[in-house]
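Chain by chain, the residues run as shown.
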Amino acid sequence: MFSSCSRQFGNQRFLQLKRFQSTLVIAEHNNEALLPITQNAITAAKKLGSDVSVLVAGTKCGPASEAVAKAAGVTKVLVAENEAFKGFTAESLTTLVLNAQKQNNYTHIIAGASAFGKAILPRIAAKLDVSPVSDVIDIKAPDTFVRGIYAGNAIQTVKAKDAIKVLTVRATNFEPTPLEGGSAKPEPIAAEGCAQDLTVFVSQELTKSDRPELTAAKVVVSGGRGLKSADNFKLLYDLADKLNAAVGASRAAVDAGYVPNDLQVGQTGKIVAPDLYIAVGISGAIQHLAGMKDSKTIVAINKDPEAPIFQVSDYGLVEDLFKAVPELTNKL
Ligand SMILES: Cc1cc2nc3c(=O)[nH]c(=O)nc-3n(C[C@H](O)[C@H](O)[C@H](O)COP(=O)(O)OP(=O)(O)OC[C@H]3O[C@@H](n4cnc5c(N)ncnc54)[C@H](O)[C@@H]3O)c2cc1C
């Protein structure tokens, strides 16, 4: 009896908390299109309560705001177009979010745990004088969040007591909200005071690739120090092309200059959870595993049968990669 009562009160509290939720999701986009991580962040926001607004700030971000307005469960889309948001600097966006916060009293402010979200949300939290909760992997209640610590080796459940919860959420733990079924209308929001000279955007150089984006790809082929040179990574590019896969790498391969650092998977790189992850010439250090161990199927190719990567892999091939990879590519 006691336990069912307390469960009932617990549920009531959860429903009461939910009723007063209003969440602002900060959209990550490139003006023309929404980046998929925003769709994961919207799903996380929907777990908190029904009122989900999305803020799209950019220079000519009409297409991105129209896309997110179609997302099911989004009630409002706030759009700020201004030269101040060129380069999406944390300083200009923080001012905008604080203005929106003053007007609408959000209980939660959310972004994906990408370089974008990680740059902006700590600043917003500091300005609001609240503790940010980073890299959330599950939401138990509007004030209770689950996150990985020690490079994902332990899971922590935290209760945030601040009135405004500022969260970054790990994309791979929340299914993307489809961009259909919603009917929000983009509304303009003023960008007053957002232009500042604390940080000035100068330019950016983006790596162009026809391959899928690493964090969104269904298949990832990753290479490690075992590849031995930048030229040998061609073996992996050929395999990736056959599988329509993204290419990733261990930190050792990045540090050795075999590939650029935006390919790094792991604790200090990107977190991926594709349907298929193929680790080639990677030993399986915990810092690497922290970035890929949630992949649905893991395949490892390594000539050392004792390599720790085999402990987390579903399929392991003990073989010289220079023999196994071309054979695999030919057979595909
Ligand atoms: C704070 C911190 C953060 C870090 N963050 C990251 C991170 O984000 N991502 C990350 O990856 N690492 C990270 N590291 C580094 C990590 O500890 C390892 O050093 C790194 O992952 C090792 O990379 P590797 O597996 O490619 O190299 P190695 O450990 O050297 O392994 C190479 C593997 O290739 C195999 N091999 C060699 N030749 C062949 C062949 N011909 N055929 C088949 N197999 C072959 C070997 O048997 C070996 O298992 C971090 C470390 C620290 C301290």
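Here, the structure is the one placed above.
This is a predicted model, so every value here is computed, not measured.

*Asks:* Describe the overall build of the protein chain, and please don't skip the residues or the numbers.
*Replies:* Scanning the protein chain from N- to C-terminus turns up 10 helices and 14 strands. Taken over the C-alpha atoms alone, the protein chain extends approximately 60 × 60 × 35 Å along its principal axes. Among the 332 residues that make up the protein chain, the fraction classed as buried is 46%. For the protein chain, the share of sequence-separated contacts (at least 6 apart) that also reach a separation of at least 24 residues comes to 65%. Element-wise, carbon and sulfur atoms account for 51% of the exposed surface of the protein chain, whose accessible area totals about 16900 Å². Charged side chains in the protein chain number 35 positive and 33 negative. The centres of these two groups are separated by 6 Å.

*Asks:* So, helix α10 (residues 321–331): which residues are in play, and what are the values?
*Replies:* Of the positions making up α10, those classed as buried are Leu321, Ala324, Val325 and Thr329. On an axial view of α10, the arc spanned by its buried residues comes to 125°, and they lie on one face. Away from its buried face by more than 90 degrees, α10 exposes Asn330 and Lys331. Next to the buried residues of α10 lie α6 (234–243), β12 (276–280), β13 (297–302) and β14 (315–318). Put simply, aspartate 320 is the residue that caps the front of α10, since its side-chain oxygen is 2.8 Å from the backbone nitrogen of phenylalanine 322.

*Asks:* Explain the nonpolar core to me, using residue names and the numbers behind them.
*Replies:* Ranked by size, the top nonpolar core spans 29 residues in total, and within it Val54, Val56, Val77, Val136 and Phe145 carry the most contacts. Contributing elements (two or more residues each) for this core: α2 (36–48), β2 (52–58), α3 (62–69), β3 (74–81), β5 (132–141) and β8 (165–169). Per-element tally for this core: the top contributor is α2, with 5 residues. Excluding residues within four positions of it along the chain, valine 54 makes contact with Leu24, Val25, Ala27, Ile42, Val68, Val74, Lys76, Val77 and Leu78.

*Asks:* Can you explain the sheet that holds β3? Please cite residues and give values.
*Replies:* Taking strand neighbours across the sheet as the criterion, the 9 strands line up as β7-β6-β5-β8-β4-β1-β2-β3-β9 in an open arrangement whose pairing is mixed. If you trace the sheet from one side to the other, it starts and ends with β7 (154–159) and β9 (186–188), each paired once. The mean inter-strand angle of the sheet, taken between neighbouring strand axes irrespective of direction, is 40°. Against the sheet, α2 engages β1 (23–26), β2, β3, β4 (108–112), β5, β6 (144–149) and β8, with an angle of about 150° to β4. The sheet contacts of helix α5 (residues 115–128) involve β1, β4, β5 and β8, and relative to β4 the element is tilted by about 160°.

*Asks:* Please set out the site of the ligand residue by residue, giving values where relevant.
*Replies:* Taken together, 26 residues are adjacent to the ligand, and Arg225, Ser250, Thr268, Ser283 and Asn302 come closest. Between the ligand and glycine 269 there is a distance of 3.4 Å, counted from an oxygen atom to a backbone nitrogen or oxygen. Measuring from an oxygen atom of the ligand, one finds a side-chain N or O atom of asparagine 302 at 2.8 Å. Summarising the interface, the protein chains cover 77% of the accessible area of the ligand, which totals 990 Å² for the free molecule. Residues that form the shell around the ligand fall into these classes: 6 nonpolar, 13 polar and 7 charged.

*Asks:* Residues and numbers for the packing of aromatic side chains, please.
*Replies:* For any two aromatic rings, the description comes down to two numbers: the centre-to-centre distance and the angle of the planes. Under the defined criterion, the tally for this structure stands at 3 aromatic pairs. A ring pair is formed by phenylalanine 88 and phenylalanine 116, whose centres lie 6.5 Å apart and whose planes are at 80°; its orientation type is edge-to-face. In this pair, phenylalanine 88 is assigned in the loop between β3 and α4 (90–104) and phenylalanine 116 in helix α5, connecting sequence segments 28 residues apart. Ring centres of phenylalanine 233 and tyrosine 258 lie 6.3 Å apart, and the angle between their planes is 55°; on these two criteria the pair is classed as tilted.

Cut-offs used in this document
- Residue positions are given per chain, counted from 1 along the sequence in the order it is written.
- pLDDT decides what is reported in this predicted model: residues at 70 or higher carry local features, side-chain atom pairs at 80 or more are listed and counted, and totals for whole chains, interfaces and linings draw on all residues regardless.
- Water and hydrogen atoms were dropped before computing side-chain values, which therefore reflect all heavy atoms in the structure.
- Secondary structure elements follow DSSP: runs of H or I of four or more residues count as helices, runs of E of two or more count as strands, with numbering from the N terminus.
- A simple rule labels every residue: compare its accessible area, found with a 1.4 Å probe on the protein chains alone, to the largest value its type can have, and call it buried under 20%, exposed over 50%, or partly exposed in between.
- The contact criterion used is simple: two residues touch if any of their non-hydrogen atoms lie within 4.5 Å.
- Per-residue and other accessible areas follow the Shrake-Rupley method at a 1.4 Å probe size, with only the shown protein chains counted as cover for residues.
- Positive charges come from Lys and Arg alone, negative charges from Asp and Glu alone, with His and the N- and C-terminal ends not counted.
- Note that the charge is assigned to NZ on lysines, CZ on arginines, CG on aspartates and CD on glutamates.
- Directions are taken from the helix axis to each C-beta atom, and the arc is the one they span.
- Two N or O atoms count as a polar contact when they lie within 3.5 Å, although within protein this holds only if one can serve as hydrogen donor and the other as acceptor, and sequence-adjacent residues are included solely when both atoms are side-chain atoms.
- Think of a nonpolar core as a cluster: buried Ala, Val, Leu, Ile, Met, Phe, Trp, Tyr and Cys residues, connected wherever their side-chain atoms sit within 4.5 Å.
- Here, a strand pair is defined by DSSP locating no fewer than two bridges between the strands.
- Axes here mean lines fitted to C-alpha atoms, for a helix over just the part in contact, with angles spanning 0 to 180 degrees between N-to-C directions.
- We call a residue near a molecule or strand when any one of its heavy atoms sits within 4 Å of it.
- For this classification, Asp, Glu, Lys and Arg are treated as charged, while Ala, Val, Leu, Ile, Met, Phe, Trp, Tyr, Cys and Pro are nonpolar and the rest, including Gly, are polar.
- A pair of aromatic rings is counted whenever rings of Phe, Tyr or Trp (Trp by its six-membered ring) have centres within 6.5 Å, and the orientation is called stacked for planes under 30 degrees apart, edge-to-face for over 60 and tilted otherwise.

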